[in-house]
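The residues making up each chain are set out below.
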Amino acid sequence: MKILAVCGSGLGTSFMVEMNINQILGELGVTDVEVSHSDLSSAVPGDADVYFLAKDIADGGAHLGDVVVMESIIDMDELRTKVKKVLEERGIIL
Amino acid sequence: MSTLIDILSQPAILVALIALIGLAAQKKKMSDTVKGTTKTFVGFLVISAGAGILQTALTPFGAMFEEAFNVSGVVPNNEAIVALALTDYGTNTALIMFFGMVVNILIARLTRYKYIFLTGHHTLYMAAMLAVIMAVAGFNTFGLIAAGSIALGIIMTLSPAILQPFMRQLTGNDNVALGHFSAVGYAASGLVGKLFKGSKENNTENINFPKGLGFLRDSTVSIALTMIIMYVIVALFAGPSFIESELSGGTNFLVFSFIQAGSFAAGVFIILSGVRLVLAEIVPAFKGISTKLVPDAKPALDVPIIFTFAPNAVLIGFFASFIGGIFSMVIMVFAGGVIILPGVVPHFFTGAAAGVFGNATGGFKGSIAGAFVNGIIISFLPVFLMPVLGELGFANTTFSDADFGVSGIFFGTLANYSGPIAITIGLIVIIALMAIPAKKKKSSHKGEEKAV
């Protein structure tokens, strides 16, 4: 499975979200999920199974398919809940 | 020996080596180490390729602008100027970035300024600017890297520090800092917002604001659109005969302008991909090592982290800042000299953030006034920054965000007084001020603001 974190320029925010998702995956002991980051222009449907976007660019990324919208990009608890939910939906964790 | 120097003077190889050291230090798997090192190496070459495209697209713009208005026009864009700087100052930039991160960790570990600056692309851009300024100031290679690294470490610490009072007010806690080198503009916006304290309840988020312009957050779209508008306006003033005889080789002047504007956006797109590859291994390594060495540090993170606090203020701030940019441009037209054109990207990101801080301290009115002031600040700083950048000051692009202007002008002015000596003394004084423990807060806060 692949997760793509997306932000406006694909440099800082999405990179941070990627690192945070990786940290959460590590805590959960999940290893076979690939995470990367990208800008809004480069991200296309099919790049990944799930896309993580912040609330402020959610409209611009609605076409991507399976999109998870983050209310706050710095809230690790919110991210942890949402990553867990994604993994549970796909049967990666129980 | 000369082979070794050849290897180390190739910035692409040097950054790959830095990535390799970082990966080895984290005891990564062999396959991950090879992958990461290679990507970093290729990433640097991608940036150079983008720089070539960008220069080809920007040169005709400069020529047309001068033909039309008899002055030079500058479009501030960080990616563009950094890519140009890296072609000549790549090695020094890579070394300053690496040791600058080390200095950042040391300052966070040893002083009361517990900030770790994690916005890697801004670290890279600031390293590039310092490499240029220290070279223009007349340092030798060793001194240049030492002074550049210490300056970078200081800026990485003080930029989040001056903004932290406003961040506390905005986020309601003291755990996260903002790592974006336009802090002077944001702090100014926060201060301007305070003038409207009375109307604080009149928050931007209580207004129904159209959201249709969110697509401008897509940087490729906004860069291409603004460049097309600017290119076409300038082309109309320069006239078809000049463009078709001198620049386009007979191609219709408007068609030519469209293609060049699009190529500029293409160049930035490529540079961004390269920057992403270069940073992919270095930033996580920096983050991992700094968390180990400075466990109580506050991470300073990229600017969009604050956008979700006030999405309306983001758009209001962009407009107000952009209008500030146009207002400044009109003043420059009357004043003579270079003209700084308002780019959508810097105004969007820094204007948006200024709008959020202005809103936090002064509501709707504070948001507009603060972002407007930010727009003026980021328009006028480049005018004074460009003369200290040596050859690069004559490019038709320059650094766009406020802290680049403030620190560049600060070190450039010191260099003009008495070159490396003045800069060395300046750095020692700032470090000494930062080493003062917390109780003398008031006096050292003044030093902070001047230093950044």
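Since we're looking at a predicted model, the values are computed, not measured.

Q: I would appreciate a short explanation of the overall build of chain A in the present structure.
A: Regarding its fold elements, chain A presents 2 helices and 4 strands. Counting helices and strands in the order they occur from the N terminus, chain A gives β-α-β-β-β-α. The C-alpha atoms of chain A give a radius of gyration of 12 Å, which matches the 12 Å a tight globule of 94 residues would have. The dimensions of chain A, computed from C-alpha atoms along their principal axes, are 35 × 25 × 20 Å. Of all 94 residues assigned to chain A, the portion counted as buried reaches 46%.

Q: I keep staring at the interface of chain A and chain B and nothing clicks. Help me out?
A: Counting residues at the interface gives 23 residues for chain A, matched by 26 residues for chain B. For the side of chain A that touches chain B, the leading source of residues is helix α1 (residues 13-28) of chain A, giving 4 residues. Partitioned by chemical class, the residues of the side of chain A that touches chain B number 10 nonpolar, 8 polar and 5 charged.

Q: Any chance you could explain the nonpolar core here in plain terms?
A: In summary, soluble globular proteins display a tendency toward joint burial of nonpolar side chains. Residues and elements named next belong to chain B. Ranked by internal contacts, the top residues of the largest apolar core, which has 195 residues, are A128, L130, V132, I133 and V356. Ranked by residues supplied to this core, first place goes to helix α12 (residues 344-385) with 20 residues. Leaving out residues up to four positions away in the same chain, A128 has contacts with V82, A85, L86, Y89 and T93.

Q: Would you take a moment to explain the packing of helix α4 (residues 78-110) of chain B against helix α6 (residues 141-171) of chain B for this structure?
A: The relative placement of two packed helices is expressed as an angle between their axes plus a distance between the axes. Residue and element names in this part refer to chain B. Interhelical geometry of α4 versus α6 gives an angle of 50° and a closest axis separation of 7 Å. Taken as axis vectors, α4 and α6 run oblique relative to one another. Taken as a pair, α4 and α6 cross one another with a handedness that is right-handed. Residues N92, L95, I96, F99, G100, V103, N104, I107 and A108 of α4 touch α6, and the partners they reach there are L144, I145, G148, S149, I150, L152, G153, M156 and T157. Among the residues making up the contact of α4 with α6, the classes are represented as 11 nonpolar, 7 polar and no charged.

Q: Could you clarify how one ought to interpret the sheet that holds strand β1 (residues 2-7) of chain A in this entry?
A: In sheet architecture, strand pairing relies on hydrogen bonds along the backbone and comes in two forms, parallel and antiparallel. All names here are of chain A. With respect to topology, 4 strands assemble into an open sheet ordered β2-β1-β3-β4, the strand pairing being parallel. Each having just a single partner strand, β2 (34-39) and β4 (67-70) make up the two edges of the open sheet. Geometrically, the sheet is characterised by an average inter-axis angle of 25° between neighbouring strands, direction not taken into account. Pairing of β1 with strand β3 (residues 50-54) involves 4 bridges; the strand directions are parallel. Counterpart to A5 in the pairing with β3 is F52. Running over the sheet, helix α2 (residues 76-89) touches β3 and β4 and is turned about 165° from β4.

About the criteria used
- Numbering of residues begins from 1 in every chain and follows the order in which that chain's sequence is written.
- By the order in which they are written, chains take letters starting at A while ligands take numbers starting at 1.
- Selection of residues for local features in this predicted model requires a pLDDT of at least 70, selection of side-chain atom pairs for listing and counting requires 80 or more, and totals for whole chains, interfaces and linings are taken over all residues.
- Secondary structure elements are defined from DSSP: runs of H or I of at least 4 residues count as helices, runs of E of at least 2 residues count as strands, and each element is numbered from the N terminus.
- The globule rule used here is 2.2 Å times the number of residues to the 0.38 power, and the radius of gyration it is set against is calculated over C-alpha atoms.
- For every residue, the other C-beta atoms within 10 Å of its own C-beta are counted; 20 or more classify it as buried, 12 or fewer as exposed, and values in between as partly exposed. C-beta atoms are placed from the backbone.
- We call two residues in contact if the C-beta atoms placed from their backbones are at most 7 Å apart.
- For this classification, Asp, Glu, Lys and Arg are treated as charged, while Ala, Val, Leu, Ile, Met, Phe, Trp, Tyr, Cys and Pro are nonpolar and the rest, including Gly, are polar.
- A set of buried residues qualifies as a nonpolar core if it consists of Ala, Val, Leu, Ile, Met, Phe, Trp, Tyr and Cys joined through C-beta atoms within 7 Å.
- Note on definitions: angles span 0 to 180 degrees between N-to-C directions of axes, and those axes are lines fitted to C-alpha atoms, for helices only across the stretch in contact.
- Here is the rule for angles: anything less than 35 degrees is roughly parallel, anything more than 145 is roughly antiparallel, 65 through 115 is roughly perpendicular, and the remaining ranges are oblique.
- By the definition used in this description, the sense in which the near helix is turned from the far one sets the handedness, with an anticlockwise turn below a right angle giving left-handed and a clockwise turn giving right-handed.
- Between any two strands, at least two bridges found by DSSP are needed for them to pair.

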